[in-house]
Every structure is written in structure tokens, then in C-alpha cells.
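# Results of the structural survey
Residue-level listing of the chains:
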Amino acid sequence: MQHQYSAQMENILLRPLQEKDIEKLREWRNNAHNTVFLRKIPTITSEMQKQWYQTYLKDESCITFAIEETQELNCVVGSICLYDLDEKQCEWGRFMVGETAAHGKGIGLKALLLCMHIGFDKLHMERIYASVHENNLAARKVDDKAGFEIYGTHPFFDGGNELEIELTKERFYNLHPDMKTL
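What this report covers is the structure whose coordinates are included nearby. The shown structure was predicted, so the numbers you read here are calculated from the model rather than taken from an experiment.

To continue, consider the packing of aromatic side chains. The full count for this structure, using the stated rule, is nine aromatic pairs. Ring centres of W52 and Y53 lie 6.3 Å apart, and the angle between their planes is 50°; on these two criteria the pair is classed as tilted. Since its relative accessible area comes to 35%, W52 is described here as partly exposed. For Y53, a relative accessible area of 7% translates into the label buried. Aromatic pair F120 and F172: ring centres 5.5 Å apart, planes at 40°, arrangement tilted. With a gap of 52 residues between them, F120 in helix α3 (residues 107-122) and F172 in helix α5 (residues 169-175) connect regions that are remote in the sequence. F172 matches F120 in its accessibility class, with the two residues each being buried. Three or more aromatic residues joined by ring pairs form one cluster here, namely W52, Y53 and Y56. Lying across the ring of Y151, R127 places its NZ or CZ 5.1 Å from the centre.

L14, L82, W92 and M116 are the most contacted members of the largest nonpolar core, which totals 38 residues. For this core, the element with the highest residue contribution is α3, accounting for nine residues. Those residues in contact with L82 that sit more than four places away from it in its chain are S61, C62, I63, F65, C90, E91, W92, C115, M116, G119, L123 and I128. Judged by nonpolar contacts, the second largest core, of 13 residues, contains I22, L25, V76 and C81.

Attention now goes to the environment of A139. By the secondary structure assignment, A139 is in helix α4 (residues 137-146). Considering only alpha carbons, one finds A139 and F95, 44 residues apart in sequence, at a separation of 9.4 Å.

We now examine the sheet that holds strand β4 (residues 75-83). Paired through backbone hydrogen bonds, the strands of a sheet run either parallel or antiparallel to each other. Taken together, the eight strands give an open sheet; going across it, the order is β1-β2-β3-β4-β5-β6-β8-β7, and neighbouring strands pair in mixed fashion. Where the open sheet ends on each side, the last strands, each with one partner, are β1 (7-9) and β7 (149-155). Averaged over all pairs of adjacent strands, the angle between their axes in this sheet comes to 25°, without regard to strand direction. As defined by bridge partners, strand β6 (residues 127-133) adjoins strand β8 (residues 161-168) across seven bridges and the pair is classed as antiparallel. For V132, the partnering residue across the bridge sits in β8 and is L163. Helix-sheet contacts for helix α1 (residues 22-29) involve β4 and β5 (89-97), and the interaxial angle to β4 is about 85°.

Conventions we followed
- Residues numbered from 1 in each chain as written.
- Predicted model: local features only at pLDDT ≥ 70, side-chain atom pairs only at ≥ 80, totals over all residues.
- Heavy atoms only, no water.
- Phe/Tyr/Trp six-rings, centres within 6.5 Å; stacked < 30°, edge-to-face > 60°.
- Buried < 20%, exposed > 50% of the residue type's maximum accessible area, 1.4 Å probe, protein only.
- Helix = DSSP H or I, 4+ residues; strand = E, 2+ residues; numbered from the N terminus.
- Lys NZ or Arg CZ within 6 Å of the ring centre and 35° of its normal.
- Core = buried A, V, L, I, M, F, W, Y, C linked by side-chain atoms within 4.5 Å.
- Contact = heavy atoms within 4.5 Å.
- Pairing = 2+ DSSP bridges.
- Axes fitted to C-alpha atoms, helices over the stretch in contact; angles between N-to-C directions.

And the structure:
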């Protein structure tokens with residue numbers, strides 16, 4: 001959906017996804033290294049990506065953010081979404097730091113914290129949930145640092161299990177009180 005939500009922490013800016021960003025997202029999504037734990041889809045063409053973006057702009061149940069590193073790399077390095085928006089809860093995901101030069105710099109955690117802040121503070125969610133593959137150790141580490149707790153599991157279509165995780169507004173701000181001041 002078209003939106004104006006944004007937030008910044010140090011060198012990381014979460015801002016609305018723009019059409020100028022979608023080619024990078026397409027490149028990252030077509031890279032098998034980036035998609036080990038994602039749903040398998042055919043190679044995305046430029047035309048398919050443009051069509052997806054036009055559909056996304058009309059989707060009132062999904063907010064996508066570009067993750068921009070503003071000091072060292074000065075470019076878009078990934079994306080993250082809040083979707084299945086309800087009055088008090090939503091899911092987050094479609095999260096990728098696809099720019100190789102951005103890996104290992106703590107960008108994922110900052111982006112996730114900013115996304116949670118927007119969900120809780122701007123969208124007034126009380127609970128945000130997701131699913132993460134049990135073997136996706138990098139994602140699980142970031143989720144743990146953000147404060148997510150496991151509340152269930154389900155089989156992953158491609159083998160193994162996905163952990164069902166959740167974070168409440170109260171827990172988030174208790175663990176990250178500095179986020180209230182953004």
C-alpha cells in the first residue's frame with residue numbers, strides 16, 4: 001500500500017518502498033543464496049516485478065519498507081514488510097538484507113526494531129507475529145534480540161519446521177525502552 005511511515009535509528013532508515021527500489025529487490029529475490037528459507041518461486045522478470053509493485057500499491061493489507069543504510073553504503077540494502085494488518089495484530093516478514101556489502105553490520109536487527117516500532121507506535125498493533133525456519137540461525141538470532149518468543153511450530157513445505165514467534169507491544173518497549181523516543 002502507499003504509505004508515509006518511516007523511522008530512523010543511527011545509520012538505518014526504514015522508508016516507504018518506491019518504484020526506483022524494485023529492480024534491486026528483484027535481483028536479490030532471484031539470488032538463490034538469499035532465498036534458502038523462502039518460498040520457491042520461478043525467476044522474476046522485470047515485467048513481473050513491475051506488475052507486482054502495481055498490485056502491491058493497491059493492497060491495503062501490506063506495508064513494505066525499503067531498508068536504507070545512510071552512512072557507509074548510502075543505498076537501499078533490503079526490505080521488510082508488515083502484512084495481514086488487523087486492528088490489533090499483524091504479521092511481519094518478507095525480510096531480506098540482500099546487499100552483500102551490508103551483511104554482518106547489524107543492519108537486520110536495527111531494521112527489525114524500526115519495523116516493530118512503526119507497527120506498535122504508528123499502527124497501534126498490540127501483537128506482531130511471524131514464522132521462521134528452525135534452521136535459519138541468522139534470522140533466529142535477530143528475532144531473539146528483538147524479543148520474539150516461540151509460541152508454536154508447523155511443518156515447512158520444503159522440509160523441517162517453522163517456529164511461530166510473537167512479540168507484544170508491552171514486551172517490545174520493556175526490552176527496548178529507547179525505541180519509545182524515536
